[in-house]
Amino acid sequence: MNSISGGILIFCLVILGQSSCTKDPQPIRFGKDACSHCMMTIMDPKFGGEIITHKGKIYMFDDINCMIRFEGKEGERVKTHGKYYTLDFSNPASLIPADQAYYILSDTIKSPMASRVAAFGNGDQRDAFFTQWNENGILLLWEEIVDRFERQIR
C-alpha cells in the first residue's frame, strides 16, 4: 500500500468514526425506537426526549420522567451526561433543548408514563395551553422539573 492510499484509508476511518456518534439530536422514529429507561416503544410525538452524552451517544425516552429516572438509575445527576432535549407538545416530533423549554405539570396532561408534563418551545405557547386547560396545573422550568422528579426517586 502506498502512502496516498494509506492516507485515504486513515481519512475514511476517521470520518466513519466521527459519524457513528453525534452531538445533535436525532429524529425519533415513532413506533420503532424504544425508551432507554422503560423499554416501551416511543409512540406519542408530543412527549419524550433525548439525552446526548459528551461522547455523542444518544438515549431516547417516551416521557420526561423516564429521562430523569434513567439518570437516577445510572447513578448520576442529570447535568452530567451532556445535552438534554424534549419534544415540543405544540410542535409534535420537534426536539428542543430541555433547559430552554417551558413546562406545564397538570392532571389534564395524559403523557405515556404518567409524568403529566408537557414541554413547549416558548412561553406564549405554554401559556395558551395553560389557559385552554383552565389553568389546571403548575408552570415550571427545567430545573424545577428535574428537582421534582429526583425527589420522587429518592
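Now for a quick tour of the structure. (Residues numbered from 1 in each chain as written. Predicted model: local features only at pLDDT ≥ 70, side-chain atom pairs only at ≥ 80, totals over all residues. Heavy atoms only, no water.)

**Quick notes on the packing of aromatic side chains**
Logical step 1: Taken as a whole, this structure holds ten aromatic pairs when the rule is applied.
Logical step 2: When the ring of Tyr-84 is compared with that of Trp-142, the centres are 6.0 Å apart and the planes differ by 40 degrees; the resulting orientation is tilted. Of this pair, Tyr-84 sits in strand 3 (residues 82-87) while Trp-142 sits in helix 4 (residues 142-153), and the two are 58 residues apart along the sequence.
Logical step 3: For Tyr-84, a relative accessible area of 8% puts it in the buried group.
Logical step 4: Residue Trp-142 is classed as buried on the basis of its relative accessible area of 6%.
Logical step 5: Arranged with centres 5.2 Å apart and planes meeting at 90 degrees, the rings of Phe-89 and Phe-129 form a pair that is edge-to-face. Pair noted here: Phe-89 is in the loop between strand 3 and strand 4 (95-97) and Phe-129 is in helix 3 (residues 123-132), with a separation of 40 residues, a long-range link. Here Phe-89 matches Phe-129 in class, with each residue buried.
Logical step 6: These aromatic residues form a ring-pair network of at least three members: Phe-47, Phe-89, Phe-120, Phe-129 and Trp-133.
Logical step 7: Taking the ring centre of Phe-89 as reference, the NZ or CZ of Lys-46 above it sits at 4.8 Å. (Phe/Tyr/Trp six-rings, centres within 6.5 Å; stacked < 30°, edge-to-face > 60°. Helix = DSSP H or I, 4+ residues; strand = E, 2+ residues; numbered from the N terminus. Buried < 20%, exposed > 50% of the residue type's maximum accessible area, 1.4 Å probe, protein only. Lys NZ or Arg CZ within 6 Å of the ring centre and 35° of its normal.)

Take it as geometry only, folks, not as evidence of what the structure does.
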